[in-house]
Amino acid sequence: ARRLRSCVMNIAIAGAGLMGRLIAWQLQRRGHQLTLFDAGDEQGTLSAAYVAAAMLAPYSEAVTSGAEMLALGKNAIGQWRELLRQLAETGAHTIDLKDSGSVVVAHELDRASLQHFSQKLRAVVGDDTSVKALDRSGITELEPELPQSFRQGLWLAGEGCLDNRALLSALHDTLVAGGAQWRSHVAVQSVEPGVLHTAARAESFDWVVDCRGLGAKADWPDVRGVRGEILWVKAPEVRLSRPVRLMHPRYHLYITPKPGDIYVVGATEIESESQAPVTVRSELELLSALYSVHSGFAEAHIVHSFARCRPALPDNLPLVRVIDGLLQVNGLYRHGYLLAPVVLASALRAFEGDCSAPFVSQMAQNTFACKTGSGR
Ligand SMILES: Cc1cc2nc3c(=O)[nH]c(=O)nc-3n(C[C@H](O)[C@H](O)[C@H](O)COP(=O)(O)OP(=O)(O)OC[C@H]3O[C@@H](n4cnc5c(N)ncnc54)[C@H](O)[C@@H]3O)c2cc1C
């Protein structure tokens, strides 16, 4: 290889969202010098990672993405625990990973949607004991504040969620404390092996790692954006302890509790690359569904509304592409938090020159591409 991977290298990260920060942190742990470029601020407010609900939902995702997603996602939750343990060792704040599962409910009129979801889920997970049918008393036992009118539901006991904003800030602090340079508000225009182009100049590094999500489209035309609109409400009068999903014929709502009485309410999924503010229609639908789940949300304050694009590839699965001096990671779509540890491991192995990991065998056409996922 032109660039020796074992010595200390100067590495540029283009895009300091979820994957950019995770990969930078792990490369820093291996002794490399990191410079992170991001079009936005240090908090990551332009990223999908910042606005996401950050549910680790292998069961819910498996309904549309299949058994492979389930297997990868179940493993990933254990891998997250290990990553968070490593992060805590650096002195960063402990990051909350709730793992008490999620609850799925539907109003009586929409019972067919819940049944359909349940059947599709069972077809993928078989008799997995993490999926439990709930009657009214079972729902009340898990979430006492949910209305008695919910008579049937599911408990997806193997799901969890992360405090994503705390994670992004802990990764930032750890990287900077470890000597990384952080170049905020600098848009990367294009990347090539060992070279990163900004409007001001071309800068040379030993390696460039491109994690710009939709921002990488000019270099990776297959990348598309899937618009997600999401609201953050503050509701001190509501006590939900785990993510709640509401099944509905037209949309699926989730409500995810975050620290500080915040609930993240989402999310639309629209084939559009517009990042314009949330539309009236989407906000009305999200809020009326929210209010129908718990009347205590009537007095909630809407503290943020965000529209961001989930970066996706045609098969809606992540992809790690590597050539000497350039690593490109993209396509984390709507399960980026769920799959991040898996994609991270894949990217690090690819960086170290090992494309024989489980994922490499799926890379098919392109000699330099390591396809993440297995059995496809
Ligand atoms: C509304 C919503 C809800 C979600 N909920 C969940 C969930 O519950 N569970 C889950 O697993 N996943 C969820 N996701 C998906 C998850 O957030 C993404 O898959 C993940 O953030 C993708 O990580 P990334 O690092 O590839 O991209 P991002 O996190 O978007 O980071 C990309 C970074 O690149 C920067 N950038 C872009 N262009 C440039 C440029 N030209 N130059 C420099 N920097 C640039 C951006 O500012 C950003 O910081 C959700 C996403 C959305 C939008």
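Residues numbered from 1 in each chain as written. Predicted model: local features only at pLDDT ≥ 70, side-chain atom pairs only at ≥ 80, totals over all residues. Heavy atoms only, no water.

Colleague: What am I meant to see in the overall build of the protein chain here?
Modeller: Along the backbone of the protein chain there are nine helices and 21 strands. Against the globule reference of 21 Å for 376 residues, the protein chain gives a C-alpha radius of gyration of 21 Å, in line with a compact fold. Referenced to the eigenvectors of the C-alpha coordinate spread, the extents of the protein chain come out at roughly 65 × 40 × 40 Å. Among the 376 residues that make up the protein chain, the fraction classed as buried is 57%. In the protein chain, 73% of the contacts between residues at least 6 apart in sequence involve partners at least 24 apart. With an accessible surface of roughly 15,600 Å², the protein chain has 52% of that area assigned to carbon and sulfur atoms. (Helix = DSSP H or I, 4+ residues; strand = E, 2+ residues; numbered from the N terminus. Rg over C-alpha atoms; globule rule 2.2 N^0.38 Å. Buried < 20%, exposed > 50% of the residue type's maximum accessible area, 1.4 Å probe, protein only. Contact = heavy atoms within 4.5 Å. Areas by Shrake-Rupley, 256 points an atom, 1.4 Å probe, with all protein chains shown as cover.)

Colleague: Explain the confidence of the model for the protein chain to me, please; I cannot follow it from the model alone.
Modeller: One rule of thumb: low pLDDT means the predicted coordinates there are not for detailed reading. Model confidence for the protein chain is summarised by a mean pLDDT of 91, while 93% of its residues fall at 70 or above. Here residues 358–376 scores under 50 on pLDDT; set against residues more than four positions off or in separate chains, the count is 48 contacts. (pLDDT = per-residue confidence, 0-100.)

Colleague: Would you explain the nonpolar core in this entry?
Modeller: Most often, soluble globular proteins have nonpolar side chains that are buried together. By size, the foremost hydrophobic cluster in this structure holds 69 residues, and its most contacted members are M19, W80, L162, L167, L327, V329 and Y337. Ranked by the residues each element gives to this core, the list is headed by helix 9 (residues 336–351), at eleven residues. Apart from residues no more than four positions distant in its own chain, Y337 is found in contact with L18, A49, A52, A54, M55, L56, W80, L162, N164, L167 and L168. In terms of nonpolar packing, the next biggest core, distinct from the first, is built from 25 residues, Y263, A289, F297 and A300 among them. (Core = buried A, V, L, I, M, F, W, Y, C linked by side-chain atoms within 4.5 Å.)

Colleague: Can you walk me through the environment of Q328 in this structure?
Modeller: Position of Q328 relative to the elements: it lies in strand 20 (residues 326–330). Residue Q328 is classed as buried on the basis of its relative accessible area, which comes to 8%. For the pair Q328 and V191, spaced 137 residues apart in sequence, the C-alpha to C-alpha distance is 9.4 Å. Those residues in contact with Q328 that sit more than four places away from it in its chain are D210, D219, W220, L319, V320 and R321.

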